[in-house]
Each structure stands twice: as C-alpha cells, then as structure tokens.
Amino acid sequence: MRTGVDLAEPLAGFRRRLAETLVRSGLNFRDDLRVLDVLLNKARPPRARRAGEILSLWKAMLAEPTSRERPFQLYINIPYCRQKCLFCKFPVRLTAAPDGVESYLRELEAEALFFAPTFDTVRFDDFCVGGGTPSVCSARQLRDLFASVRSSFQIDPGARCSIEFHPASTTLEKLLVVRRAGFNRVSFGVQTMDAALLARIQRDDQDEASVRDAVRRAREAGFDNVSLELVLGLLGDGPRQFMESFRRVAALRPTTISVNQLNLTAAYMKSEGVSPDEYRRHCESVLPETVAELRTLAPAFGYDAGEASPRHGIWTLYALDALELRERKALAPEEATTNVLGLGQYAWSHVFARAWYERLPRAYHPDRPIYRTHPLSRGLEMARYVRDRLIKRSRIDFPHFRSLFGEDFRDRYALELRLLDEFGKVRMDSYGVDFLPLGLPERFFYGSVFFLDQISSAGFGRRTLSEGYLARLQRDLGCPSSEYPARAQ
Ligand code: SF4
C-alpha cells in the first residue's frame, strides 16, 4: 500500500486538465493514447544490451514463483518485402527473391538456439510470425525455419499460431508447409481492392485475382481461420470506394476483416503531394462518413462492426458465424501481461515487470549490444495492465490483479477508485470493478487517472521527451511537470 501525500486535490486538478484536453481535442483517443504511450514506455532512457544480459533478465523473471501465471508469446520477425508500400511504417528491406533472405534466416536460427535452453520449461501460448512479409521466403526456407523453431521451443497444442502472407507471394506449397508446421491462422494484407489505389501506394504486384487465389489456396491447405486486412484513409478512397473494397473482401468470407487506419509517412505525402494538414482535412471530411457506412452495412455483408469508430485506429470485424472466436479472445489472457520473446531484427520483446527491448538492425552476435532495452518497473507494468483492461474489457478482477502483482487492487488504487466512484463511472463488488457502460474514448479518458503515478515519476519535461511532445503536453495539460506530486512507488 502506498504512503504519503493526500492526492485528492491533485487528482481533481489532473482530471480537470485531462478533461479539458480531451474535450478540446474532440476526445481524440488515438493521439492521446500515443502521448501517454510515449510518456509511459519511452520516457526512461534505453540502453543497448548484449544477448547474455538479456538472458539474465529472462532467467530472473522465470525464477519468480508467479512467472507462469502470465502467458508467453513467441514472435519471429522477417523484415523483408518484395516492394515497399508507400504508407508502410515498418522497417523493411527489399528483396526480389528468397535468396536475399537466406543469411537472415541462418542468423535467426542462431539467435533462437541461444535463447532456447532458458525456455525449455516454458510452453508458449501464442506463436506469431510477421514482418515484413514471411511469404517472401521459399517453401523450403519456411520448412527449415519452422522445423528448427519447433525443435527449440515448446508451443502449446492449443496455441494460436498465426503467420502473415502477402497475396502476391502466396503459393499453395508455402501454405501447406506452414499448415503442417502447426499454423492455424493466416493473415493476408490486402489494403484495398481498387487497382488504381494499389498502384498509387506502390502495391501493384497484387490484384483482386491474387487475393481471391490466396484465400482459396489457404482453405485448400486446411486453414479455417483466415484474416484479410484493409487500410482506411487512403487519399482517393471515399466512403463509396472503401465500402466497395469491403464488399469484395467480405465476399471471400474471411473469418475476420481488420481495418487499420493509414500511417502517414513522408514517402506517401511526397508521392501524393500533400502536407500533414491537408491529409488531416481529408480524414476529417471522409472518415466519419466511411465509418458510419461501415457500421451500417457490415452486418448486411455478414460482419459485426462492434466498436467501429473513426478514432480507434484499428479494429477487427468478425464474421457473424465466427463470433465465438471473439468471445474466446475476450476470455484469453491480456496482451499487456504477456511475456514476449521476439526473435529477429526489429522484433520487440517484453520481460514482465523488467524490460521492453527491441532487436536492433545489426547482425546477430551474442557479444554485441544489439538489444535496445527500456526498463519496466512494477508500477509501470501495473499502469499498462490497467490501461489494457479498461480499454479492452472495461473490468478489472481483483483476484487476477493479485495473482499478477501480489497486491490488492483496492489498496494500490484506493484514491483513483474513490474518484471514479464519485464521478459515477464505476461499480464495484467483492471480486472486481466494472466501468459502467461507456464508449472507448471515455473509458480511455476516465482510465487515465490511473496513470498519475507514472506521469509524476516519468520526469517528462526535464530530459527525455522530444520537444514536440513536451510542447503538446504542456499546452494540452496546461501545467508544468512540477505540478504533479511525487508519490512512493
Ligand atoms: S507488404 Fe506489408 S510490411 Fe511490406 S511494405 Fe507493404 S505494408 Fe509494409
């Protein structure tokens, strides 16, 4: 239990400022979440570490008696593509043929072999391969890679095993290889079905026929969980055009359709000849109507639009005959508490309550400092957990919180709970606390009171945040960091 200062006044002040900020910004969930993410995850200076130091972090965490209470994910990154889509924010390298990936795959195997013995008692609950585009590899390369991974790590038989493919580099042989390697979900980036827009984003190696063939082959290979991804916010893609892409994608009956809001890149702006302000105006003029159409029409195409909103940035629409998958996902362990062992360049890893780290784009060698590591305190881990819970599920279970952190949620967050209770936003029983029915932006808004600890201890404004973020925080929150009281962690 924490000690010290009575925080009722500062919390009320914090709430008022946050309210003003969010109301002024039109409850812009996405931007404010980004600011908080920078604050929470990046405010502490990173340090480059060697593989041996990373291994020590994992060993210490795995030695904790409660370490197995939390799920584990194995993630492999293959940051190669045949060509670069102009809006893509991921760091990818270009390769015209599978030969270009060969040495990278050898390096991946060496990294996997280094970490594997430490995880010999861990069963991974989730296995995910992304990039880039894993389908740039040949069938033989995919077979060898997954044979090596399967012999190094234990994947739970009930695990979700998911891989990303590009329709243009998909073959039946590759799909059969990954299906036999135990993958049970395949996700195809489609972005749009409009040929002219595909050319404008430098993705003209794909067309409607290649998307249709990819989905047909996936079914032939035995995948019954197929996801297709669309991008929202392309210039030239108004509500009518976007819904036409959606209709054509829905006609292929994927299990889910993911809709991702476009990331504005310098390459895309240059190619389209627009400034960030012009792009923002485009979004303001077309996105609300597009999302309204999507919400209205998706059920007619057999999909549930759920919490679709122009401010989410990303959401997943489930086929109406696959809604039980969404229920299962809702019951699955939270992403925020998942330990992630990432392998490969640019892969992110998460060692619960100890560190986040990213593999830098340098050749793998156990004696080189190639992991950019951000320390992760228990307090920050709690804030991330609470944020994830509130945003995705609206409920926090007290026994679950205790099993993860060894503390009682009501003690840890007594003041915040009192505040939310006074606002009439929560209902509490002996087992947990529920937000009363609220939309996502409001859940984010009221859930932000739980970040006060982290905001006050992050020291933003003094050294670590970029000038742009600092200016925004000071402008929007309207106060310097010294107004936030320090609190025992
Ligand atoms: S295929 Fe995917 S990962 Fe590759 S550049 Fe395009 S969007 Fe990015």
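Residues numbered from 1 in each chain as written. Predicted model: local features only at pLDDT ≥ 70, side-chain atom pairs only at ≥ 80, totals over all residues.

### Some thoughts on the overall build of the protein
Stated formally: Helix and strand definitions here come from DSSP, where helices need a minimum of 4 consecutive H or I residues and strands a minimum of 2 consecutive E residues; each element is numbered from the N-terminal end. With C-beta atoms placed from the backbone, a residue is labelled by how many other C-beta atoms lie within 10 Å of its own: buried for 20 or more, exposed for 12 or fewer, partly exposed between the two.
Scanning the protein from N- to C-terminus turns up 19 helices and 18 strands. When each of the 489 residues of the protein is scored for burial, the buried share is 38%.

### Some points on the packing of helix H5 (residues 139-152) against helix H6 (residues 172-180)
We count it as follows: The convention used is that axes are lines fitted to C-alpha atoms, helices contributing only their stretch in contact, and that angles between N-to-C directions extend from 0 to 180 degrees. Here roughly perpendicular refers to angles of 65 to 115 degrees, roughly parallel to angles under 35, roughly antiparallel to angles over 145, and oblique to all remaining angles. Our contact criterion uses C-beta atoms placed from the backbone: two residues qualify when those atoms are within 7 Å.
For the pair H5 and H6, the least separation of the axes is 9 Å and the interaxial angle reads 10 degrees. For the element pair H5 / H6, the angle class is roughly parallel. Here Ala-139, Leu-142 and Arg-143 of H5 lie close against H6, whose contacting residues are Glu-173, Lys-174, Val-177 and Val-178.

### Describing the packing of helix H9 (residues 239-250) against helix H11 (residues 276-297)
Put simply, the test is: In this scheme, a crossing is called left-handed if the near helix is turned counterclockwise away from the far one by less than a right angle; it is called right-handed if the turn is clockwise. Asp, Glu, Lys and Arg are counted as charged, while Ala, Val, Leu, Ile, Met, Phe, Trp, Tyr, Cys and Pro are counted as nonpolar; the rest, among them Gly, fall into the polar class.
Across the interface, H9 lies against H11 with an axial gap of 9 Å and an inter-helix angle of 35 degrees. As for how H9 packs across H11, the hand of that crossing is right-handed. The segment H9 lies against H11, with Pro-239, Phe-242, Met-243 and Phe-246 engaging Val-286, Glu-289, Thr-290, Glu-293, Leu-294 and Leu-297. By residue class, the composition of the contact of H9 with H11 is seven nonpolar, one polar and two charged.

### Section: the pairing of strand E12 (residues 339-343)
Rules: Strand pairing requires that DSSP identify at least two bridges connecting the strands.
Here E12 lies mainly inside the structure; five of its five residues are buried. Because side chains alternate across E12, one face comprises the buried residues Asn-339, Leu-341 and Leu-343, and the other comprises Val-340 and Gly-342, equally buried. Summarising the sheet, strand E2 (residues 72-78) and E12 pair through five bridges and their orientation is parallel. Looking across to E12, one finds that Tyr-75 is bridged to Gly-342.

### Some points on the site of the ligand
Put simply, the test is: Using a C-beta atom placed from the backbone, a residue is scored as near a molecule or strand whenever that atom is within 6 Å of it.
All residues in the neighbourhood of the ligand are listed as Cys-81, Lys-84, Cys-85, Cys-88, Phe-90, Val-92, Gly-131, Gly-132, Thr-133, His-166 and Gly-189. Residues belonging to the shell around the ligand are distributed by class as follows: five nonpolar, five polar and one charged.

### A few points about the pairing of strand E9 (residues 256-261)
The line we're drawing: Whether a crossover is right-handed comes down to one check: with the strands pointing away from the viewer, does the path from the first strand over the helix to the second run clockwise; if it does, it is right-handed.
Pairing of strand E8 (residues 226-232) with E9, which is carried by six bridges, proceeds in the parallel orientation. When the bridges of E9 are listed, Ser-227 appears paired with Thr-256. With respect to chirality, the unit in which E8 leads through H9 into the neighbouring parallel E9 is right-handed.

### Examining the environment of Ser-210
Relative to the elements of secondary structure, Ser-210 occurs in helix H8 (residues 208-220). With residues near it in sequence (within four places) discarded, Ser-210 still touches Pro-167 and Ala-168.

### Examining the nonpolar core
Selection rule: For this entry, the nonpolar core is defined as buried Ala, Val, Leu, Ile, Met, Phe, Trp, Tyr and Cys residues connected by C-beta atoms within 7 Å.
Core analysis: the largest hydrophobic core is formed by 73 residues, its most contacted members being Val-186, Ala-218, Leu-230, Val-249 and Ile-257. The residues contacting Ala-218, other than those within four sequence positions of it, are Leu-175, Val-186, Phe-223 and Val-226. Membership of the second largest hydrophobic core comes to 28 residues, among which are Val-351, Tyr-357, Leu-376 and Val-426.

### Points about the confidence of the model for the protein
Detailed conclusions should not be drawn from predicted coordinates in areas where pLDDT is low. Heads up, the condition is: You can read pLDDT as the predictor saying how much it trusts each residue, on a scale of 0 to 100.
Mean pLDDT over the protein: 82, with 76% of residues reaching 70 or higher. Contacts for the low-pLDDT stretch residues 1-8, under 50 throughout, to residues beyond four places or in other chains number eleven contacts. Counting contacts from residues 476-489, a segment whose pLDDT is below 50, to residues more than four positions away or on other chains yields 32 contacts.

### Focus on the environment of Tyr-413
Tracing the sequence through the fold places Tyr-413 in the loop between helix H15 (409-412) and helix H16 (414-422). Here Tyr-413 falls in the buried class, since 23 other C-beta atoms lie within 10 Å of it. The spatial distance from the C-alpha of Tyr-413 to the C-alpha of Phe-450 is 7.5 Å, given a sequence separation of 37 residues.

### Description of the sheet that holds strand E16 (residues 395-397)
Spatial strand order, E16-E18-E17: three strands in an open sheet with antiparallel pairing. In this open sheet, the two strands that pair with only one neighbour each are E16 and strand E17 (426-428). Between one strand axis and the next, the sheet turns by 15 degrees as a mean value, whatever way the strands run.

### Notes on H5
Here is the rule: Each helix should span, by expectation, one fewer than its residue count multiplied by 1.5 Å. Each direction from the helix axis to a C-beta atom contributes to the arc, which is the arc of those directions.
The end-to-end C-alpha distance of H5, which contains 14 residues, comes to 20 Å, matching closely the 20 Å that a straight helix rising 1.5 Å per residue would cover. Regarding H5, the residues found buried are Gln-141, Leu-142, Leu-145, Phe-146 and Val-149. Angularly, the buried residues of H5 cover 115 degrees about the axis, an arc narrow enough to put them on a single face. Turned more than 90 degrees from where H5 packs its buried face, Arg-140, Ala-147 and Ser-151 sit exposed.

### Description of unusual backbone geometry
For the bond from Gly-131 to Gly-132, the omega torsion is 15 degrees, close enough to zero to count as cis. Summarising the element assignment, Gly-132 is placed in the loop between strand E5 (123-131) and H5. At Gln-191, a residue that is not glycine, the phi angle is positive and equals roughly 75 degrees. For Gln-191, the location among the structural elements is in strand E7 (residues 185-191). For Gln-191, a count of 26 C-beta atoms within 10 Å gives the class buried. Backbone geometry at Arg-253 places phi at a positive 55 degrees, although glycine is not the residue there. By secondary structure assignment, the location of Arg-253 is in the loop between H9 and E9. Overall, Arg-253 belongs to the partly exposed group, with 16 C-beta atoms counted inside 10 Å.

### Details of the environment of Leu-390
Residue position: Leu-390 is located in helix H13 (residues 378-392). Look at Leu-390 and you get buried, because 22 C-beta atoms sit within 10 Å. A sequence separation of 45 residues divides Leu-390 from Phe-435, and the C-alpha atoms of the two residues are 7.7 Å apart.

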